[in-house]
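These are the residues of each chain, in order.
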Amino acid sequence: MQHETRKTRGRPKAWDDKAAQNTIKSLDRALEVLIALGEMQGGTLSEIASALRQSPATVYRVLTTFQRRGFVDFDKQEQVWSIGAAAFLTGSQFLRRTSLVERARPIMRDLMETTGETANLGIERDGAVLFLGQVETHATIRAFFPPGTVAAMHASGIGKALLCQMDDARQRRILAAGKLEQFTPFTLTTAEAMIADLHTARLRGYAIDGEERNLGMRCIAATVHDVFGDAVAGLSVSGPTSRIADDQIARIAQAVMQAAAQLTRAIGGTNPHDPR
């Protein structure tokens, strides 16, 4: 009896049956209208119907149904339909259940396998990098940043990736908040040097920690963005310079940027600097 209760609690017996009769066609068409309206960022009835190649009468019935539920709004003066507050509130439930760490885990595993190096996830907290997760490489020599580790932003790939996405005022505020400690001969210890490096990182789409925290270790990082386009986390790979050599940077950086873009999409975000 307990087994039967579990089966019917969330889905019917014929859940795996993909037959056409299990699809509500009218609902499917209605959702097409809603999705198209969102992609168009608003439009007149004729524009929406034309984009969907549906009759204006059909589209109008769908829009007025959504309007009664608050999923779309209608501007009588401009005669323009647009996404309503109810659609936003429903969509925001996805963001509330989204876990950055959980969604990052499979992407980090793939990144580690692709590059052969340790993958890391971190965020900015109180002017420092807080590491949230790591997938270690199978190689014997590896970087180690267990969850909860805190690192200086100016000597971290993730830290610099996050810094380069900030406006100038916030950059300078964080850099001025504490002494830029020199960990190795390669550490950048002046605000001017850091800002120049951050400008370069922003233009190319990724940041590099080139033995700036630990001699013989290199890190390449890119940012993850939320629904508002803000950089909320950094994804990186780190390993010895013998493996992340100069001629490997471009290949690894491409993999890191692709993984960061994938995680951005997974949490419903968008990168305003992505040319695509």
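All of these numbers come straight from a predicted model, not from anything done at the bench.

Criteria and cut-off values
- Residues numbered from 1 in each chain as written.
- Predicted model: local features only at pLDDT ≥ 70, side-chain atom pairs only at ≥ 80, totals over all residues.
- Heavy atoms only, no water.
- Helix = DSSP H or I, 4+ residues; strand = E, 2+ residues; numbered from the N terminus.
- Expected span 1.5 Å × (residues − 1).
- Bend = angle between axes of the 7 residues up to and from the residue.
- Buried < 20%, exposed > 50% of the residue type's maximum accessible area, 1.4 Å probe, protein only.
- Contact = heavy atoms within 4.5 Å.
- Pairing = 2+ DSSP bridges.
- Axes fitted to C-alpha atoms, helices over the stretch in contact; angles between N-to-C directions.
- Core = buried A, V, L, I, M, F, W, Y, C linked by side-chain atoms within 4.5 Å.
- Salt bridge = Lys/Arg side-chain N within 4 Å of Asp/Glu carboxyl O.

Taking 1.5 Å per residue as the helical rise, helix H6 (residues 100-115) with its 16 residues ought to reach 22 Å, and the 21 Å between its terminal C-alpha atoms agrees with that figure. Maximal helix bending in H6 amounts to about 30°, located at Pro106. Within H6 the residues assigned to the buried category are Leu100, Ala104, Ile107, Met108, Leu111, Met112 and Thr115. Residues of H6 that are buried sit in contact with strand S3 (118-125), strand S4 (128-135), strand S7 (217-225), strand S8 (231-240) and helix H10 (249-266). Downstream of H6 by one or two residues, Gly116 has phi in the positive range, about 80°.

Bringing the sheet that holds S3 into the picture now. The strand order across the open sheet formed by 6 strands is S5-S4-S3-S8-S7-S6, and the pairing between neighbours is antiparallel. Looking at the sheet topology across the chains shown, the edges are occupied by strand S5 (150-152) and strand S6 (207-210). Neighbour-to-neighbour, the strand axes of the sheet open up by a mean angle of 35°, direction not taken into account. Its contacts with the sheet put H6 on S3, S4, S7 and S8, and the angle it makes with S3 is roughly 140°.

Relative to the helices and strands, Arg142 is located in the loop between S4 and S5. Once the C-alpha coordinates of Arg142 and Thr118 are considered, the two residues, 24 residues apart in sequence, prove to be 6.8 Å apart. Look past the residues within four positions of Arg142 in its chain and what remains in contact with it is Thr118, Glu136, Thr137 and Met217.

This part is about the nonpolar core. Ranked by internal contacts, the top residues of the largest apolar core, which has 28 residues, are Leu100, Leu111, Leu121, Ile220, Val224, Leu235 and Leu263. The greatest single-element share of this core, amounting to 8 residues, is contributed by H10. What Leu111 contacts, discounting residues up to four positions off in sequence, is Gly116, Ala119, Leu235, Ser236, Val237, Ala255, Val256 and Ala259. Met153, Ala161, Leu198 and Ala221 belong to the second-largest nonpolar core, a separate cluster that totals 19 residues.

In the structure shown here, the tally under the stated rule is 5 salt bridges. Glu117 is the salt-bridge partner of Arg243, the closest N and O atoms lying 2.6 Å from each other. In this pair, Arg243 is assigned in the loop between S8 and H10 and Glu117 in the loop between H6 and S3, connecting sequence segments 126 residues apart. Exposure remark for Arg243: the relative accessible area of 28% places this residue in the partly exposed category. Taking the relative accessible area as the measure of exposure, Glu117 reaches 3% and is therefore buried. The partner of Glu124 in a salt bridge is Arg170, with the nearest N and O atoms 3.2 Å apart.

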